[in-house]
Amino acid sequence: MRIDIITVLPEILESPFNHSIIKRAKEKELAEIYIHNLREYSDDKHRKVDDYSYGKGAGMVMAIQPIEKVIETLTAERKYDEIIFTTPDGAVFNQQAANSLSLKENIIILCGHYKGIDQRIRDHYITMEISIGDYVLTGGELAAAIITDSVVRLIPGVLSDETSALTDSFQDNLLSPPVYTRPAEYKGMKVPDVLLSGNDKLVDNWKHDQAVERTKKLRPDLYRKFMGEK
Ligand code: ADE
């Protein structure tokens, strides 16, 4: 899978993809991630990428020219399945959206900034608008990093244990059960007996019950979905 991220702040995206699982996914050539500096596509002599908004609105708006140029450049080279814009007024991102994006071949993520982008970009080029939650960030870079991280780890072959993405929280509208490691007892705090029983069936049942209980208590919205009440 190839992900092209367009940003005015490439420095923010230098680190998130150079560690751990995402780094290994790139090394194994399961994911290619390219960061494009929007300023390099500006025809302005000062490499300006924003301008005053028409009408009375306060704040600067990302201009159409550099964005059109970078998108045209990339789409002339290959076909993209989605051109995503990160924005607080997009559809709220979730595990289902991550699953579906992980099946795509090529995607572009355009990071929003300032008071937004010229609407003509949204109307003519963007195929998907994503928010990572109901709060406002200073820019879309962290949102792009979150989307990329959650999608890349789902690409087949990225996680070493094939089942581990399947047992993630949210995959079946359930939170994950609690986990423990050695020692079995630490300063009087004990690991539940069932996990030491060696009985796989009992352990599986316990994990499932714990996941259901946790979800019911912490995320009643998810619990209703799990129970089939859409
Ligand atoms: N840009 C600013 N806030 C955002 C959010 N919540 N999600 C995605 N992009 C954003």
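Residues numbered from 1 in each chain as written. Predicted model: local features only at pLDDT ≥ 70, side-chain atom pairs only at ≥ 80, totals over all residues. Heavy atoms only, no water.

A. Inspection of the packing of aromatic side chains at higher detail. Summed over all chains, the structure comprises one aromatic pair. Geometrically, the ring pair formed by Tyr 223 and Phe 226 is tilted, given 6.4 Å between the ring centres and 35 degrees between the ring planes. Of this pair, Tyr 223 and Phe 226 are both found in helix α7 (residues 220–226), three residues apart, which corresponds to roughly one turn of the helix. (Phe/Tyr/Trp six-rings, centres within 6.5 Å; stacked < 30°, edge-to-face > 60°. Helix = DSSP H or I, 4+ residues; strand = E, 2+ residues; numbered from the N terminus.)

B. Examining the nonpolar core more closely. One finds Ile 5, Phe 93, Ile 109, Ile 147 and Val 152 to be the most contacted residues of the largest nonpolar core, which totals 30 residues. Residue assignment for this core shows that the elements contributing at least two residues are β1 (2–7), α1 (20–27), α3 (95–101), β6 (106–111) and α5 (141–152). It is α5 that contributes the most residues to this core, six residues altogether. Sequence-distant contacts of Val 152, that is, excluding residues within four places in its chain, are made with Ile 3, Ile 22, Ala 25, Ala 31, Ile 33 and Val 158. Grouped together as the second largest cluster of nonpolar side chains are 18 residues, Ile 71, Leu 74, Leu 110 and Ile 117 included. (Core = buried A, V, L, I, M, F, W, Y, C linked by side-chain atoms within 4.5 Å. Buried < 20%, exposed > 50% of the residue type's maximum accessible area, 1.4 Å probe, protein only. Contact = heavy atoms within 4.5 Å.)

C. Representation of helix α2 (residues 64–77) in the model. In a regular helix each residue adds 1.5 Å, so 14 residues correspond to 20 Å; α2 covers 20 Å between its end C-alpha atoms and thus fits that length. For α2, the set of buried residues is Pro 66, Ile 67, Val 70, Ile 71 and Leu 74. Buried positions in α2, seen along its axis, are confined to an arc of 125 degrees and lie on one side of it. (Expected span 1.5 Å × (residues − 1). Arc of directions from axis to C-beta.)

D. Here's a closer look at a nonpolar patch on the surface. Together, Leu 9, Ile 12, Tyr 135, Leu 137 and Leu 142 make up a nonpolar patch on the protein surface, roughly 420 Å² of accessible area in all. Within the secondary structure, Tyr 135 sits in the loop between β7 (128–131) and α5. (Patch = residues over 30% accessible without salt bridge, like charges linked within 9 Å, V, L, I, M, F, W, Y side chains within 5 Å. Areas by Shrake-Rupley, 256 points an atom, 1.4 Å probe, with all protein chains shown as cover. Salt bridge = Lys/Arg side-chain N within 4 Å of Asp/Glu carboxyl O.)

E. Up close: the site of the ligand. Surveying the vicinity of the ligand reveals the residues Thr 86, Thr 87, Pro 88, Ile 130, Ser 131, Ile 132, Gly 133, Tyr 135, Val 136, Leu 137, Gly 139 and Ala 143. Relative to its free-state accessible area of 260 Å², the ligand is covered by the protein chains to the extent of 97%. Mapped by element, the contributors of at least two residues to the shell around the ligand are β5 (82–92) and β7. Tallying contributions element by element places β5 first for the shell around the ligand, with three residues. Taken together, the residues of the shell around the ligand sort by class into seven nonpolar, five polar and no charged. (Near = heavy atom within 4 Å. Nonpolar A, V, L, I, M, F, W, Y, C, P; charged D, E, K, R; others polar.)

F. Seen up close, the domain arrangement of the protein. The assigned domain composition of the protein is domain 1 (2–152) and domain 2 (169–226). A straight line from the C-alpha centre of domain 1 to that of domain 2 covers 37 Å. (Domains from an automatic or database assignment.)

G. Region of the structure containing the pattern of salt bridges. On inspection of all chains with the given rule, the structure shows nine salt bridges. Here Asp 118 and Arg 120 are joined by a salt bridge, their closest N and O atoms 2.6 Å apart. Among the residues examined, Asp 118 registers a relative accessible area of 17% and is labelled buried. A salt bridge links Asp 221 to Arg 219; the nearest nitrogen and oxygen atoms lie 2.9 Å apart. Ionic contacts of the salt-bridge type, sharing partners, join the residues Asp 89, Arg 122 and Glu 129 into one network.

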